[in-house]
Amino acid sequence: MRLGQHAVVSGVVGSGLWASTGQPETLPIAITAGVLPDADHLLDFYNWYVRRSFDRVILILHGWEYAVAGLLVYLFAFTEPWMLAVLLGYVTQIGGDQLFNRVRPYTYLLSVRAFRRFEVAAVTDWGVTYAYESLVHSLPVFRGRLHAWFETRVGVPPGQRSPQCPEVASDKDSEGIGQLSK
Ligand SMILES: [Zn+2]
């Protein structure tokens, strides 16, 4: 799922929590927990497009294990609305990715990814080479320049587009690529 979609879903859950608990801070906390884990894409993008190493997908903040840990913390340490907001916000992040990204049942199990040495082919059906398309096409600005930069990193010939660029399939370049974001 894209960042904006994560923000909307976690915002809906956070609003429900605010309404049911009367604690307004549950809304920003749920949104933060629902969006922030996607910061881990920076590390993978660094490995892929700066180091040009495409054989691993780490996604260090994506794991159902964190949700289980959060549930235990909520049940046994902090039985308060803010912790429930952390837990449910995070569950919208991982659950949304699990449901709407093209993944295997264990792709978002950190333990399985680690056991399989984070090797792309061993944990997902994605090709990561063109994963930047999703990021680029969710941006309102600098699309062309970023496209060009990423294309030089993955070796798309100048003047061409990667096979997964939505502009190739459609004139409406803001659609059709949601599946790629993780
Ligand atoms: Zn994600």
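Our structure's up above, just so we're on the same page.
All values reported here derive from a predicted model rather than from experimental measurement. (Residues numbered from 1 in each chain as written. Predicted model: local features only at pLDDT ≥ 70, side-chain atom pairs only at ≥ 80, totals over all residues.)

Visitor: Explain unusual backbone geometry to me, please; I cannot follow it from the model alone.
Guide: Excluding glycine, residues mostly have negative phi values, and the peptide bonds linking residues are mostly trans. The phi dihedral of phenylalanine 118 is positive, around 60°, even though this residue is not glycine. Within the fold, phenylalanine 118 resides in the loop between helix 6 (110-115) and helix 7 (120-123). You will see that phenylalanine 142, though not glycine, has its phi angle at about 60°, which is positive. Tracing the sequence through the fold places phenylalanine 142 in the loop between helix 8 (132-137) and helix 9 (143-154). (Helix = DSSP H or I, 4+ residues; strand = E, 2+ residues; numbered from the N terminus.)

Visitor: Just checking my understanding: could you explain helix 2 (residues 26-35) for this structure?
Guide: Since there are 3.6 residues in each turn of an α-helix, residues three or four apart along the chain are aligned in direction. In terms of burial, helix 2 is a largely internal element, eight of the 10 residues being buried. Looking at the buried positions of helix 2, the neighbouring elements they touch are helix 1 (3-21) and helix 5 (81-100). (Buried ≥ 20, exposed ≤ 12 C-beta atoms within 10 Å, placed from the backbone. Contact = placed C-beta atoms within 7 Å.)

Visitor: Help me understand the nonpolar core, please; the structure alone is not making it clear to me.
Guide: Side chains that are nonpolar tend, in soluble globular proteins, to be buried together. Membership of the largest hydrophobic core comes to 16 residues, with the highest contact counts inside it found for Leu17, Ala30, Ala33, Ala85, Val86, Leu87 and Leu88. Looking at this core, the elements with two or more residues in it are helix 1, helix 2 and helix 5. At seven residues, helix 5 tops the list of elements feeding residues into this core. Apart from the residues lying within four places of it in its own chain, the contact partners of alanine 85 are Gly14, Leu17, Thr26, Ile29, Ala30 and Ala33. Membership of the second largest hydrophobic core comes to 10 residues, among which are Trp48, Val123, Val128 and Ala131. (Core = buried A, V, L, I, M, F, W, Y, C linked by C-beta atoms within 7 Å.)

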